[in-house]
Amino acid sequence: MRKFIYIDDSKFTNDHWEYCEKNKIPYITVKRKNKSFFEVFYDITNTKVDLNSVSDEIKNIYLSYVKFLLIPYYEYESYLSQNYFFSMLIKEGHEQFFAEKLFDYLMNEL
């Protein structure tokens, strides 16, 4: 089972979405944002979790991540105003690990 897919080099995006929908598991994508960052997106709207609660938990985890790595506020500021915290900016080199752990974390919450 794939825990996430890269958008830029994947022609299987729709297939992955359908698989996640059918199996009621988190849908996670990773795409390059610029030379230093990737954007990790997740969707759990096909599950029966409290979206507000999970979104708030992920946002708190993310804020610890950016604080620990000293990522400048202006880099991730635009992500903080989402209704549900489903997208986040991740440093290059961390994206695969982050996406895999995000999947595991979300599966534990379902």
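Residues numbered from 1 in each chain as written. Predicted model: local features only at pLDDT ≥ 70, side-chain atom pairs only at ≥ 80, totals over all residues. Heavy atoms only, no water.

**A look at the sheet that holds strand S3 (residues 37-43)**
Now for step 1: The strand order S1-S2-S3-S4 describes an open sheet built from 4 strands, whose pairing is mixed. Either end of the sheet is taken by a strand with one partner, and the two such strands are strand S1 (5-6) and strand S4 (87-91).
Now for step 2: In this sheet, S3 lies alongside strand S2 (residues 27-32) in antiparallel orientation, the contact comprising 6 bridges. When the sheet's bridge partners are listed, Arg32 is paired in S3 with Phe38. (Pairing = 2+ DSSP bridges. Helix = DSSP H or I, 4+ residues; strand = E, 2+ residues; numbered from the N terminus.)

**Digging into the packing of aromatic side chains**
Now for step 1: Applying the stated criterion to the full structure yields 11 aromatic pairs.
Now for step 2: With a centroid separation of 6.4 Å and an interplanar angle of 75°, the aromatic rings of Tyr27 and Phe41 are classed as edge-to-face. Taken together, the positions of Tyr27 in strand S2 and Phe41 in strand S3 put the pair 14 residues apart, joining distant regions of the chain.
Now for step 3: For Tyr27, a relative accessible area of 8% corresponds to the buried category.
Now for step 4: Residue classification places Phe41 among the partly exposed residues on the basis of a relative accessible area of 25%. (Phe/Tyr/Trp six-rings, centres within 6.5 Å; stacked < 30°, edge-to-face > 60°. Buried < 20%, exposed > 50% of the residue type's maximum accessible area, 1.4 Å probe, protein only.)

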